Amino acid sequence: MTNRARSLLRTLAVLALGLAAWARPAVAAAPETQGVPGFGVMVHYLPDKQSIAGIGRFDVDAFATSLAEMRASHLILTLGQNNGQFIAPNTALEALCPRSAAHRSPRDLPMEIGRALRRHGIALILYLPFRAPQGDAYLMECLGDVSEQQPPPTRFIAAWSAVIDNWSQHYGAVATGWWFDGVYNTTGMTTRDWDRFCAAARNGAPTRWLAFNAGEGAARFSLKSAPCQNLMAGEYLQPAARLASPPSELRLHVLTPLGASWAQPSAPRFSAAQLRSWIGDANARGGMLTLDMPLDADFHFLPAHVALVRSATAPRP
């Protein structure tokens, strides 16, 4: 074979290799921040009535990025708690109780957060009390509720279901679940009452995870408190050394604060080894571990908490 022929063959071989490489689909490397199945974070975020303007400073992209860096696969976010303050508009609530509009921001923060989380593959679960805001006399009277320790009036169930239905439909697929707090007394609720409430919670996404929290501790964290419930509420301040599914038809879920208590900016109570073990237990049983983590005045997670969680969720070498 002549030198010219050899050179031509080498050229053709190089071209063939280049074409083959170009034709092969690119394989994306798994990002370092890929979520850990079954591990999530809860945030008790809610401004008081004197700082509602602070919602405008909330950096949604930075918040979502931080959750991704901790490898969270879900977030539980408070729409509102018991002071009558909400972080999103609700046309049904404002039609029923017009003065409530004064105590919320026009910014739809949960929608912005939910959309940012979806870009990272993180699911959003919304938190709301099962009853009317117990610390807001106007809303209690307007919605027709009484103390959460007493049976819920039928008028209240109808009104609160309409409020939940409005948010459920609005958020649609962005919200993959609801976590309802304070389910202390459901005496007298009829099948029709439950059907109305459950239908409202599922509007816009019929396969949502639904948790109804009857209280903290070993005797209550796994209770089924509503006929449509499919996820353990899981509130447990001192989880057992190993997470095991109790005798329940509900999906395993354990929710505990990383700090001294709920939303408390204190040193972590657990080690990275403990967290890694619990996450492994939850994953092995198709369940979920959720850590309640506080935000500082600038809506950032505490650096010590972030570092600990990143260590616990990091891939093993």
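For the structure itself, consult the block above.
Here we summarise the structure given alongside this text. Nothing here was measured: the structure is a model prediction, and the numbers come from that model.

Rules of the game
Residues numbered from 1 in each chain as written. Predicted model: local features only at pLDDT ≥ 70, side-chain atom pairs only at ≥ 80, totals over all residues. Heavy atoms only, no water. Helix = DSSP H or I, 4+ residues; strand = E, 2+ residues; numbered from the N terminus. Buried < 20%, exposed > 50% of the residue type's maximum accessible area, 1.4 Å probe, protein only. Disulfide = S-S within 2.5 Å. Phe/Tyr/Trp six-rings, centres within 6.5 Å; stacked < 30°, edge-to-face > 60°.

Some details on unusual backbone geometry
Leaving glycine out, the prevailing phi sign among residues is negative, and the prevailing peptide bond configuration is trans.
Reasoning step 1: At Ala 263, a position not held by glycine, the phi torsion is positive, near 65 degrees.
Reasoning step 2: Within the secondary structure layout, Ala 263 lies in the loop between β6 (253-257) and α8 (272-284).
Reasoning step 3: Given a relative accessible area of 30%, Ala 263 falls into the partly exposed group.
Reasoning step 4: Unusually for a residue other than glycine, Phe 299 sits at a positive phi of about 70 degrees.
Reasoning step 5: Following the sequence through the fold, Phe 299 ends up in the loop between β7 (288-292) and α9 (303-313).
Reasoning step 6: Taking the relative accessible area as the measure of exposure, Phe 299 reaches 9% and is therefore buried.

Some thoughts on the state of the cysteines
Reasoning step 1: Applying the stated criterion across every chain, the model contains 2 disulfides.
Reasoning step 2: Between Cys 97 and Cys 142 runs a disulfide, and the two sulfur atoms are separated by 2.0 Å. Measuring handedness by torsion sign, the sulfur bridge of Cys 97 and Cys 142 sits at about -105 degrees and is left-handed. Note that Cys 97 is positioned in the loop between α3 (91-96) and α4 (109-119) and Cys 142 in helix α5 (residues 137-143), a separation of 45 residues in sequence.
Reasoning step 3: Across the disulfide from Cys 198 sits Cys 228; the S-S distance is 2.1 Å. The disulfide joining Cys 198 to Cys 228 has a torsion of about -75 degrees about its S-S bond and is therefore left-handed. Taken together, the positions of Cys 198 in helix α7 (residues 191-202) and Cys 228 in the loop between β5 (209-212) and β6 put the pair 30 residues apart, joining distant regions of the chain. With respect to class, Cys 198 is no different from Cys 228; both count as buried.

What about the packing of aromatic side chains?
Reasoning step 1: Counting across every chain of the model gives 19 aromatic pairs.
Reasoning step 2: Judged by centre distance (5.3 Å) and plane angle (15 degrees), the ring pair of Trp 178 and Phe 180 falls under stacked. For the pair Trp 178 and Phe 180, a shared accessibility class is recorded, and that class is buried.
Reasoning step 3: Centroid distance Trp 194 to Phe 212: 6.1 Å. Interplanar angle 80 degrees. Geometry classified as edge-to-face. Of this pair, Trp 194 sits in helix α7 while Phe 212 sits in strand β5, and the two are 18 residues apart along the sequence. As far as the burial class goes, Trp 194 and Phe 212 line up, both buried.

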